[in-house]
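# Breakdown of the fold
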Amino acid sequence: MLNYPNQSEITYFNFFNYYNREKNMAHRITDECTYCGACEPECPVYAISAGESSYVIEESICVDCVGYHDNAACVEVCPVECIIKL
Ligand code: SF4
Ligand code: SF4
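Parameters and conventions
- Residues numbered from 1 in each chain as written.
- Chains lettered and ligands numbered in written order.
- Predicted model: local features only at pLDDT ≥ 70, side-chain atom pairs only at ≥ 80, totals over all residues.
- Helix = DSSP H or I, 4+ residues; strand = E, 2+ residues; numbered from the N terminus.
- Buried ≥ 20, exposed ≤ 12 C-beta atoms within 10 Å, placed from the backbone.
- Contact = placed C-beta atoms within 7 Å.
- Core = buried A, V, L, I, M, F, W, Y, C linked by C-beta atoms within 7 Å.
- Near = placed C-beta within 6 Å.
- Nonpolar A, V, L, I, M, F, W, Y, C, P; charged D, E, K, R; others polar.

## Quick notes on the overall build of the protein chain
A tally of helices and strands in the protein chain yields two helices and four strands. Ordered by position from N to C terminus, the α and β elements of the protein chain give α-β-β-β-α-β. Residue burial in the protein chain is summarised as follows: out of 86 residues, 21% are buried. Partitioning the contacts of the protein chain with sequence separation of at least 6, the portion at a separation of at least 24 is 68%.

Right under this line is the structure:
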């Protein structure tokens, strides 16, 4: 069973990740997004939110699911394959 970090751990991790962002690739949602919302609850670091016309990944927060999943969880569930790796 996965143990997701609590909010304070997330904050610390995001701070750490911010200063290590050069090393991390991120994912991005393209304009093909159909606004289905399937990806948002799958992100272990809460990097995905609803934007105005599509869902959005905060690239400074996305960790490519490293340490959580073998593959990007958002990519796995997106029905229209509109999440790309940068
Ligand atoms: S790749 Fe993982 S960490 Fe990055 S936005 Fe998708 S689900 Fe979140
Ligand atoms: S799963 Fe894909 S289509 Fe659905 S909201 Fe996320 S990016 Fe958009």
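After presenting the structure, the write-up continues.
## Regarding the nonpolar core
If you look at the biggest cluster of nonpolar residues, it comprises 16 residues, and the most contacted ones within it are Cys39, Cys43, Ala47, Ile48 and Cys74. Broken down by secondary-structure element, the contributors of at least two residues to this core are strand E3 (55-57) and helix H2 (73-77). Not counting chain neighbours up to four residues away, the residues in contact with Cys43 comprise Ile48, Ala73 and Cys74.

## Details of the site of ligand 1
Every one of the 14 residues lining ligand 1 counts as a neighbour, but Cys43, Cys62, Cys65, Ala72 and Cys74 are closest to it. Looking at the shell around ligand 1 residue by residue, the class counts come to eleven nonpolar, one polar and two charged.

## Section: the site of ligand 2
With respect to spatial proximity, 15 residues lie near ligand 2, and among them Cys33, Cys36, Cys39, Tyr55 and Cys78 are the closest. Broken down by class, the residue content of the shell around ligand 2 amounts to twelve nonpolar, three polar and no charged.

## Some thoughts on the environment of Asn71
Locating Asn71 in the fold gives a position in the loop between E3 and H2. Since 9 C-beta atoms lie within 10 Å of it, Asn71 is described here as exposed. Setting aside its immediate chain neighbours within four residues, Asn71 contacts Cys65 and Glu76.

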